[in-house]
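# Working through the structure, step by step
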Amino acid sequence: MSRPSVRNLVLVLGDQLDRESAALDGFAADRDIVWMAENAGEATHVWSSQHRLVTFFACMRHYRDALREKDWRVAYHELSTRQSEDRGKDFAEILRNDVNKMRPEKLIVVEPGDFRVREMLRGTAKELGVELVERTDRHFFDTVENFRAFAEDRKSLVLETYYRQLRKREEILVDSAGKPVGGEWNFDQQNRDSFGAKGPPEHKSPRSFAPDAVTREVIEMVKERFGEHPGSVDSFALPVTRKDALAFLREFIEERLPRFGTYQDALWTGGDFLFHSRLSVALNLKLLCPREVVAKAVKAYEEGAAPLPAVEGFVRQILGWREFVRGIYWLKMPDYAKRNHLEAERDVPRYFWDGDTDMVCVREAMRNVIEHGYAHHIQRLMVLGLFAQLYGVHPYRFHEWHMAMYSDAVDWVSLPNALGMSQYGDGGIVGTKPYCASGNYINKMSNYCASCRYNYKKNHGEDACPFSVLYYDFLARHRKRFGSNRRMTFQMKNLEKKEASGELRDIRKQAEEIIGRERL
Ligand code: FAD
Ligand code: SF4
């Protein structure tokens, strides 16, 4: 019997679960096949936490089922608990086997979100002698080419300039003359409070979605097969279908968006999500489209359900930062990944994997990472990221750790944030100065220090706060580099004072001791 011929094999990657995906344009159910593969190679090449694996595989299987409900043919490779049943050691091998069997005329894919994966696909298609059609990703507001045009002839890339251009072009929160609604482009002055002594006002935490049979099967498989990977899946509660993701979005807009801006930078013990949206997984795996998320937030403002500073602050994250870092990733790769401006060489400390530390701020953030594959932005930037930077972690290794531990991590967004914004490994492409601070900052924005055995005010001595010790050590290590950065004048003056008083010698000795310790 002759095999039915396949016209297009439409490849859908784990972070491309978009029902409106350009890859599906022109799909003919009788001639084309959607192709998806869970594979152990990707799960271990980028070392992935159990939470991250369940997130990706559960979302992929639900997406597959939704396509099959439309009677579309989907060739889907499921990982089972038995390694011996794997159809290939990695993505390329499984694809190669299927292409040899099905002999499609073309491979269709939407541009991947990972440089390495794109190169692997191009190489595999070439080797197989089959045409690979890469379609532009319509998920984003902007294209890689438009960002390239924006970047051309600019000495430095400034988020604010890019963001304003996009707001005007997309007519978001602007009047008919192209001026910003409310007279300002930016409401940071009114945003970013701490909670004060009383703590966070009463609010609802994000809704939990009990795993259905499909997700439970994935959880069992991951526990069995990848049980030695970090993280936990016992409290897995993320939305894994588009319908649930929409309900998640609705709930954020109603319950937490109104205070998103005010408490964007605040931290609190037990406050895993606070007023953040927790939408990054649904956005990055493309269960939700950024246009619909932004439109719903703007509508809440127009209907008087959320204040302008909160809505503008939220729109800035998605229309601004999310698009900006993607643009930088594709503009600068592959060299970007090799950057190490501060010549940092250390490994991520052990407590970044298991959260076993007396530092309350780090322990709290790590609890969130381990239980939920998540930490909110300030935990990422001003606790874990800050510590890694002061400690001297190699920026790419920090990115690799981030890719392993966070369920929303995809290369295009993790790399510029982790290596660039957080570690200053790019030397100032994403941000103009390193986000370095002492324990004072954490104390100002949280209640962590009150219950910590370390003293945030002390930068040497028995109970000195590791952040405060390493902060001055970091400034001293990089004195030559930062001495001429005008945005760091105040910090460098303080360093000089510590030196003049003789304290710096003790601080640096203690920093050496802290860095050498297995546990802090
Ligand atoms: P909210 O605070 O509710 O913000 C709303 C949305 O805005 C987010 O869902 C996200 O889509 C977008 N957003 C906000 N800030 C950024 C940003 N800097 N870059 C891109 N998008 C942004 N975000 C990821 O999605 N994946 C990552 O792998 C990732 N790695 C990061 C690593 C470090 C070291 C840092 C400092 C930040 C990283 N971010 C990453 C950005 C940001 O911290 C997360 O998007 C955010 O914490 C996700 O939580 P949320 O959905 O509750 O966000
Ligand atoms: Fe973190 Fe230092 Fe505060 Fe402890 S004292 S919570 S280590 S900043």
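Quick look at the structure, then. (Residues numbered from 1 in each chain as written. Chains lettered and ligands numbered in written order. Predicted model: local features only at pLDDT ≥ 70, side-chain atom pairs only at ≥ 80, totals over all residues. Heavy atoms only, no water.)

## Let's talk about the site of ligand 2
How we decide: Any residue with a heavy atom lying within 4 Å of a molecule or strand is counted as near it. When residues are grouped by polarity, Ala, Val, Leu, Ile, Met, Phe, Trp, Tyr, Cys and Pro land in nonpolar, Asp, Glu, Lys and Arg in charged, and all others, Gly among them, in polar.
Around ligand 2, the structure places Met-359, Cys-361, Gly-439, Ile-442, Tyr-448, Cys-449, Cys-452, Tyr-454, Tyr-456 and Cys-465. Per-class residue counts for the shell around ligand 2 are nine nonpolar, one polar and no charged.

## Description of the pairing of strand β5 (residues 131–135)
In plain terms, the rule: Two strands pair if DSSP finds at least two bridges between them. Put simply, DSSP marks the helices as runs of H or I at least four residues long and the strands as runs of E at least two long, and each gets a number from the N terminus on. When the strands point away from the viewer, a crossover counts as right-handed if the path from the first strand over the helix to the second runs clockwise.
In this sheet, β5 lies alongside strand β4 (residues 106–110) in parallel orientation, the contact comprising five bridges. Bridge assignment links Lys-106 to a residue of β5, and that residue is Glu-131. Read from β4 through helix α4 (residues 115–128) to β5, the crossover connection turns out right-handed.

## A word on the nonpolar core
Put simply, the rule reads: Definition used in this section: a nonpolar core is a set of buried Ala, Val, Leu, Ile, Met, Phe, Trp, Tyr and Cys residues joined via side-chain atoms within 4.5 Å. Each residue gets one of three labels from its accessible area relative to the maximum for its type: buried under 20%, exposed over 50%, partly exposed in between, using a 1.4 Å probe on protein chains only. Here a residue-residue contact requires only that any non-hydrogen atoms of the pair lie within 4.5 Å.
Counting residues in hydrophobic clusters, the biggest one holds 157 residues, and the most contacted among them are Leu-257, Phe-352 and Phe-467. Element by element, the count of residues in this core is highest for helix α11 (residues 308–332), at twelve residues. Those residues in contact with Phe-467, other than ones at most four positions away along the chain, are Met-359, Cys-361, Val-362, Val-383, Leu-386, Phe-387, Leu-390, Ala-437, Ser-438, Gly-439 and Ile-442. The next biggest cluster of nonpolar side chains, apart from the first, holds 22 residues, and it includes Ile-94, Leu-95, Met-102 and Leu-107.

## Overview of the packing of helix α8 (residues 242–255) against helix α10 (residues 290–302)
As a reminder, the rule being used: Note on method: axes are straight lines fitted to C-alpha atoms, helices fitted across the in-contact stretch only, with angles between N-to-C directions ranging 0 to 180 degrees. Here the word oblique covers every angle except those under 35 degrees (roughly parallel), over 145 (roughly antiparallel) and from 65 to 115 (roughly perpendicular). Should the near helix be turned counterclockwise from the far one by less than a right angle, the crossing is left-handed, whereas a clockwise turn marks it as right-handed.
With their axes 10 Å apart at the nearest point, α8 and α10 run at an angle of 30 degrees to one another. By the angle between their axes, α8 is roughly parallel relative to α10. The handedness of the crossing between α8 and α10 is right-handed. For the pair α8 and α10, the contacting residues are Arg-242, Leu-246, Leu-249 and Ile-253 in the first and Glu-292, Val-293, Lys-296, Ala-297 and Ala-300 in the second. Residues that form the contact of α8 with α10 fall into these classes: six nonpolar, no polar and three charged.

## Re the packing of aromatic side chains
Formally: Two aromatic rings, drawn from Phe, Tyr or Trp (for Trp, its six-membered ring), form a pair once their centres lie within 6.5 Å of each other, and the interplanar angle then sorts them: stacked below 30 degrees, edge-to-face above 60, tilted otherwise. In this scheme, the term charge over a ring applies when either NZ of a lysine or CZ of an arginine sits within 6 Å of the ring centre and within 35 degrees of the ring normal.
Per the counting criterion, the structure on display carries 31 aromatic pairs. Considering the side-chain rings of Phe-147 and Phe-150, the 5.6 Å spacing of their centres and the 50 degrees angle between planes classify their relative orientation as tilted. Placement of the pair is Phe-147 and Phe-150 together in helix α5 (residues 144–151), with a separation of three residues, close to one helical turn. Accessibility classification places Phe-147 together with Phe-150 in one group, the buried group. Aromatic side chains Phe-209 and Phe-248 sit 5.7 Å apart centroid to centroid with 70 degrees between the ring planes, which places their arrangement in the edge-to-face category. Taken as a pair, Phe-209 in the loop between α6 (159–170) and α7 (213–225) and Phe-248 in helix α8 lie far apart in primary sequence, 39 residues in all. Across this residue pair, the class does not change: Phe-209 and Phe-248 are buried. Ring pairing ties together the aromatic residues Tyr-351, Phe-352, Phe-387, Tyr-391, Phe-398, Trp-401, Tyr-406 and Phe-467, which thus form one cluster. Taking NZ or CZ as reference, Arg-64 lies 4.6 Å from the ring centre of Tyr-76, over its face. The ring of Tyr-374 carries the charged tip of Arg-380 above its face, separated from the ring centre by 5.6 Å.

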